[in-house]
Amino acid sequence: MVRRTHPPPRAGTRPGVGPTTQTMTTKLRQLLDDDGAVSPVIGVILMVAITVILAAVIGTFVLGLGDQVSQTAPQTTISVDSTSSDSVTFKHGGGDPIAFSDLEIKLAGNTVTFSPTSGTPDWSTAETLQIGASTSWSGGTFGDLGASSVPSLSASTQYTATFIDQPSGQIIAEKDFETSA
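The following refers to the structure shown. (Residues numbered from 1 in each chain as written. Predicted model: local features only at pLDDT ≥ 70, side-chain atom pairs only at ≥ 80, totals over all residues. Heavy atoms only, no water.)

**Looking at the overall build of the chain**
Then step 1. Scanning the chain for helices and strands turns up three helices and 11 strands.
Then step 2. Shown N-terminal to C-terminal, the secondary structure of the chain runs as helices and strands in the order α-α-α-β-β-β-β-β-β-β-β-β-β-β.
Then step 3. Put simply, the chain has 181 residues, and 24% of those count as buried.
Then step 4. Contacts in the chain between residues far apart in sequence, at least 24 positions, make up 58% of those at least 6 positions apart. (Helix = DSSP H or I, 4+ residues; strand = E, 2+ residues; numbered from the N terminus. Buried < 20%, exposed > 50% of the residue type's maximum accessible area, 1.4 Å probe, protein only. Contact = heavy atoms within 4.5 Å.)

Below, the structure written as structure tokens:
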């Protein structure tokens, strides 16, 4: 009869745990501790996100939507300051100044536009603009503004004045008024 003896357990192993279980435990620990692939994955995700954002921005400008985003009408308060039998005076009540070269006023079936002959004057806070038989601007002389299609207003008549920002095509203000008798 031959007697077999088992070799003593190897250093670092536990009794009752075979080599297969030990190898699996070691590999599982290595897998959980190994974060070497995390950085490349995060890098790829960030690169894809940046590419998508750049494509959206470039696409917006290529399709012409970028111009509309940057063109907004001035934010301004305009009021009817006074009326006479043949003219109306509007007052810039605050907010952004309005460049006369960008302003269009629809009034009494006419479209009043301005082509300043010197510089680029702005209609600013507290300044008035009178339109009709007597036409003036409190910030300077009206002739310098190059007004065209100024309407003749009639006494005791209801009117609506629509102020439009030409570059954006947006309405700045719309005012109803009645000329005096």
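**A short note on the sheet that holds strand β2 (residues 87-95)**
Then step 1. A sheet is described by the order of its strands in space; here four strands give the open sequence β1-β2-β7-β8, paired in antiparallel fashion. If you trace the sheet from one side to the other, it starts and ends with β1 (76-83) and β8 (136-137), each paired once.
Then step 2. As defined by bridge partners, β2 adjoins strand β7 (residues 128-132) across five bridges and the pair is classed as antiparallel. Bridge pairing in β7 places valine 88 opposite isoleucine 131. (Pairing = 2+ DSSP bridges.)

**Here we look at the packing of aromatic side chains**
Then step 1. Counted under the stated rule, the structure contains seven aromatic pairs.
Then step 2. Ring centres 5.2 Å apart and planes at 65° place the aromatic pair phenylalanine 100 and phenylalanine 114 in the edge-to-face group. Of this pair, phenylalanine 100 sits in the loop between β3 (98-99) and β4 (103-107) while phenylalanine 114 sits in strand β5 (residues 110-114), and the two are 14 residues apart along the sequence. Grouping residues by exposure puts phenylalanine 100 and phenylalanine 114 together as buried.
Then step 3. Taken together, the aromatic side chains of Phe90, Phe100, Phe114, Trp123, Trp137, Tyr159, Phe163 and Phe177 make up a single cluster linked through ring pairs. (Phe/Tyr/Trp six-rings, centres within 6.5 Å; stacked < 30°, edge-to-face > 60°.)

**Re the pattern of salt bridges**
Then step 1. Inspection of every chain in the model, using the stated rule, returns one salt bridge.
Then step 2. Between glutamate 104 and lysine 106 there is a salt bridge; the shortest N-O distance is 3.5 Å. (Salt bridge = Lys/Arg side-chain N within 4 Å of Asp/Glu carboxyl O.)

**Things to note about the nonpolar core**
Then step 1. Phe90, Leu103, Ile105, Trp123 and Phe163 are the most contacted members of the largest nonpolar core, which totals 23 residues.
Then step 2. If you list the elements that add at least two residues to this core, you get β2, β4, β5, β7, β10 (158-165) and β11 (170-178). (Core = buried A, V, L, I, M, F, W, Y, C linked by side-chain atoms within 4.5 Å.)

Read these as geometric descriptors, not functional statements.
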